[in-house]
Amino acid sequence: MSTAATGHLAGRHIVLGITGGIAAYKSAMLVRLFVKAGAEVQVIMTPNAREFISPVTMSTLSGKPVITEFFSANTGEWHSHVDLGLWADAFVVAPATACTIAKMANGVADNMLVTSYLSTRARVFVAPAMDLDMMAHPSTCRNLDTLRADGCIIIEAASGELASHLSGKGRMEEPEAIAAAVERYFAARCTMSGRKVLITAGPTYERIDPVRFIGNFSSGKMGYALANEAARRGAEVTLVSGPVHPFDTLPGVKVVRVESAREMLDAARRAFSDADVAIFAAAVADYRPERVLDRKAKREHPGEGLDSIKLVKNPDIAATLGACRRPGQTLVGFALETSDAMQNGAEKLVRKGLDAIVINSLQDQGAGFGTDTNKISIMYADGRPTLEFGLKSKADVAADILDNIPTPLPSR
Ligand code: PMT
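The model shown is predicted, which means the values in this text are computed figures rather than measured ones. (Residues numbered from 1 in each chain as written. Predicted model: local features only at pLDDT ≥ 70, side-chain atom pairs only at ≥ 80, totals over all residues. Heavy atoms only, no water.)

### A word on the packing of helix α1 (residues 24–36) against helix α2 (residues 55–62)
Logical step 1: Where α1 contacts α2, the two axes come as close as 9 Å, and the packing angle between them is 10°. As the angle between them shows, α1 and α2 are arranged roughly parallel. Here Ser27, Ala28, Val31, Arg32 and Val35 of α1 lie close against α2, whose contacting residues are Thr57, Met58, Leu61 and Ser62.
Logical step 2: Split by residue class, the contact of α1 with α2 holds 5 nonpolar, 3 polar and 1 charged. (Axes fitted to C-alpha atoms, helices over the stretch in contact; angles between N-to-C directions. Helix = DSSP H or I, 4+ residues; strand = E, 2+ residues; numbered from the N terminus. Parallel < 35°, antiparallel > 145°, perpendicular 65-115°, else oblique. Contact = heavy atoms within 4.5 Å. Nonpolar A, V, L, I, M, F, W, Y, C, P; charged D, E, K, R; others polar.)

### Comments concerning the environment of alanine 98
Logical step 1: In this structure, alanine 98 sits in helix α4 (residues 98–106).
Logical step 2: Spatially, the C-alpha atom of alanine 98 lies 25 Å from that of serine 80, the residues being 18 residues apart in sequence.

### Quick look at the sheet that holds strand β3 (residues 90–96)
Whether parallel or antiparallel, the strands of a sheet pair through hydrogen bonds between backbone atoms.
Logical step 1: Here 5 strands make up an open sheet; going across it, the order is β2-β1-β3-β4-β5 and the pairing parallel. Among the strands making up the open sheet, the edge pair consists of β2 (40–45) and β5 (153–154).
Logical step 2: Relative to strand β4 (residues 123–128), β3 is paired through 5 bridges, and the arrangement is parallel. Along β4, the bridge assignment pairs valine 93 with valine 126. (Pairing = 2+ DSSP bridges.)

### Some points on the site of the ligand
Logical step 1: Every one of the 27 residues lining the ligand counts as a neighbour, but Ser218, Ser219, Ala282, Lys348 and Asn360 are closest to it.
Logical step 2: The contact in question runs from an oxygen atom of the ligand to an N or O atom on the side chain of asparagine 360, over 2.6 Å.
Logical step 3: Glycine 368 is positioned with one of its backbone polar atoms (N or O) 3.5 Å from an oxygen atom of the ligand.
Logical step 4: Protein contact buries 95% of the 770 Å² of open area that the ligand shows by itself.
Logical step 5: Broken down by secondary-structure element, the contributors of at least two residues to the shell around the ligand are α9 (221–232), α11 (317–323) and β16 (330–337).
Logical step 6: For the shell around the ligand, the class distribution of residues is 13 nonpolar, 8 polar and 6 charged. (Near = heavy atom within 4 Å. Polar contact = N/O pair within 3.5 Å; in protein donor to acceptor, adjacent residues only side chain to side chain. Areas by Shrake-Rupley, 256 points an atom, 1.4 Å probe, with all protein chains shown as cover.)

### What about the side chain of asparagine 314?
Logical step 1: Following the sequence through the fold, asparagine 314 ends up in the loop between β15 (311–313) and α11.
Logical step 2: At 3.3 Å, the side chain of asparagine 314 forms a polar contact with the side chain of glutamate 206.
Logical step 3: In this view, asparagine 314 contacts Glu206, Ala261, Arg262, Ala285, Asp286, Tyr287 and Arg288; residues no more than four positions away in its chain are not counted.

### Quick notes on the domain arrangement of the protein chain
Logical step 1: Once the domains are mapped, the protein chain shows domain 1 (3–188) and domain 2 (196–403).
Logical step 2: One C-alpha centre belongs to domain 1, the other to domain 2; they are set 40 Å apart. (Domains from an automatic or database assignment.)

### Some remarks on the sheet that holds β16
Logical step 1: As summarised here, the arrangement of the 8 strands in space is β12-β11-β8-β13-β16-β17-β19-β20, forming an open sheet in which the pairing is mixed. Across the chains shown, the open sheet's two edge strands, defined by having one partner strand only, are β12 (253–257) and β20 (387–388).
Logical step 2: Alignment of strand β13 (residues 277–280) against β16, held across 4 bridges, turns out to be parallel. Across the sheet, valine 277 pairs through a bridge with threonine 330, a residue of β16.
Logical step 3: Packing of α9 onto the sheet brings it into contact with β8 (196–201), β11 (236–241), β12, β13 and β16, and relative to β11 it is tilted by some 170°.
Logical step 4: Where helix α10 (residues 261–272) meets the sheet, it contacts β8, β11, β12, β13 and β16, and its direction lies at approximately 170° from that of β8.

### Observations concerning a nonpolar patch on the surface
Logical step 1: The grouping of Ile22, Tyr25 and Phe52 at the surface amounts to a nonpolar patch, some 330 Å² of accessible area in total.
Logical step 2: Since its relative accessible area comes to 39%, phenylalanine 52 is described here as partly exposed. (Patch = residues over 30% accessible without salt bridge, like charges linked within 9 Å, V, L, I, M, F, W, Y side chains within 5 Å. Salt bridge = Lys/Arg side-chain N within 4 Å of Asp/Glu carboxyl O. Buried < 20%, exposed > 50% of the residue type's maximum accessible area, 1.4 Å probe, protein only.)

### Focus: α9
Logical step 1: Over its 12 residues, α9 extends 16 Å from the first C-alpha to the last, a length consistent with the 16 Å expected when each residue adds 1.5 Å.
Logical step 2: Most of α9 is tucked away: 10 of the 12 residues are buried.
Logical step 3: Considered for burial, the residues of α9 that qualify are Met222, Gly223, Tyr224, Ala225, Leu226, Ala227, Asn228, Glu229, Ala230 and Ala231.
Logical step 4: Phi turns positive, to about 100°, at glycine 234, one or two residues after α9. (Expected span 1.5 Å × (residues − 1).)

### Digging into the packing of aromatic side chains
Logical step 1: Scanning all chains against the criterion turns up 6 aromatic pairs.
Logical step 2: Ring plane angle 55° and centroid distance 5.1 Å describe the contact between tyrosine 185 and phenylalanine 186, whose orientation is recorded as tilted. Grouping residues by exposure puts tyrosine 185 and phenylalanine 186 together as buried. (Phe/Tyr/Trp six-rings, centres within 6.5 Å; stacked < 30°, edge-to-face > 60°.)

### Quick notes on the state of the cysteines
Logical step 1: If you walk through the whole model with that rule in mind, you get 0 disulfides.
Logical step 2: Just so you know, cysteine 152 is unpaired, no disulfide at all, and the nearest cysteine sulfur is the one on cysteine 141, 16 Å from it.
Logical step 3: A residue is classified by how much of its surface remains accessible, and cysteine 152, at 7% relative accessible area, is buried. (Disulfide = S-S within 2.5 Å.)

### Thoughts on the environment of glycine 151
Logical step 1: Position of glycine 151 relative to the elements: it lies in the loop between α7 (138–149) and β5.
Logical step 2: Along the primary structure glycine 151 and aspartate 248 are separated by 97 residues, whereas in three dimensions their C-alpha atoms are 30 Å apart.

### Description of helix α5 (residues 112–119)
Logical step 1: The element α5 is largely enclosed, with a buried count of 7 among its 8 residues.
Logical step 2: Those residues of α5 not exposed but buried are Met112, Leu113, Val114, Thr115, Ser116, Tyr117 and Ser119.
Logical step 3: Capping the start of α5, asparagine 111 holds a side-chain oxygen 3.1 Å from the backbone nitrogen of leucine 113, two or three residues further along.

### Thoughts on the pattern of salt bridges
Logical step 1: Inspection of every chain in the model, using the stated rule, returns 25 salt bridges.
Logical step 2: Close ionic contact of lysine 352 with aspartate 316 constitutes a salt bridge, the shortest N to O distance being 2.6 Å. Placement of the pair is lysine 352 in the loop between α12 (341–351) and β17 (356–361) and aspartate 316 in the loop between β15 and α11, with a sequence separation of 36 residues.
Logical step 3: Overall, the relative accessible area of 17% leaves lysine 352 in the buried class.
Logical step 4: With a closest N to O distance of 3.1 Å, arginine 384 and aspartate 382 form a salt bridge.
Logical step 5: Given the relative accessible area of 54%, aspartate 382 is considered exposed.
Logical step 6: Sharing partners across several salt bridges, the network here consists of Arg189, Glu229, Arg232, Arg233 and Asp403.

Okay, structure coming up:
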């Protein structure tokens, strides 16, 4: 089996669309190759595909129920094509019949596969399989050109004996070649291979007594999305995480869990000297109680310390590390603002010795704490124009940030 498996499929979410052609039997091997390489595969079959290969085979190999209809016949559960489209890191249609290619090219969303295709933001791979005359027909050629223009990667059909017993171009490419094409796509996106990346995420908690703390509303979603995207691009990531509910992380992300700002600074400092890139996405408490009470203070006893808590300043992690940076490191901060976002962001960019700052504002709906989306601007220290982005999922925001910060050469 030669998939040129270099690990770039591990952890990827692949939607595999199977349409009604004799080559559907080869899709079973394709699922196996993806799964063996560490990818998660969700199979969608068109109704006709089920005539060629059993959904039981595909669900057994993928480890997930196959989706064919918008609704599950047994439970009435609705399958969300939008969720599926967004879940995918790659969307592969193999085999792709002339009919499905035509529907995809023209947006004819009359089944779960084409509807999910229209909803996906992932790269789409199309492996045509059909008889030679259908393959050569101007209509099929036009539709494939449309798909190419729409950004799909067409995995050209091979020549050979066809199901009709005629010989010519129209055989679906072998599963190994399809898996290798998908893997090459991910390999090319591994723009951070060999880089070490430090990311801070989540809030910090500053203890008042054994049951109370000073904290904030950060969920960690932004920092974890950055860590996963950097790992997806091949980086070795240290994610210093404040107290958040655990999220899934990809292989390549080492999570160091901390509670307070001082613990976060210690952990970040340890990873910083080695790091090529440091991104400070955590919402660090700026102050902590000067004194932590060793037992729960009673509200009925004002003198015990709850009525007035003396606060002292926490270290500024970004500024502390910015002050001891070595040449070649890229440092990126965040600024969470409630007013004058650009002005405040510019001031933090300089004060903390950063190369760039990601500005998000609680004035923008769907941006900031806790949400699955964010809306950012990236401002640079070297004077290049500030970039502004629309509201996107935090995963897409993470990709925008990593696409638009300098990626230094690995330090070793
Ligand atoms: O976690 P989520 O719910 O997904 O929310 C994401 C987020 C809103 C927390 C994130 O997008 C964000 O804006 N993080 C930074 C929040 C913040 O504390 O901003 P700030 O403007 O107070 O701090 C400026 C920069 O200095 C930040 O990079 C911060 O990490 C850093 N800082 C601040 C204080 C401190 N003591 N040490 C620091 O390192």
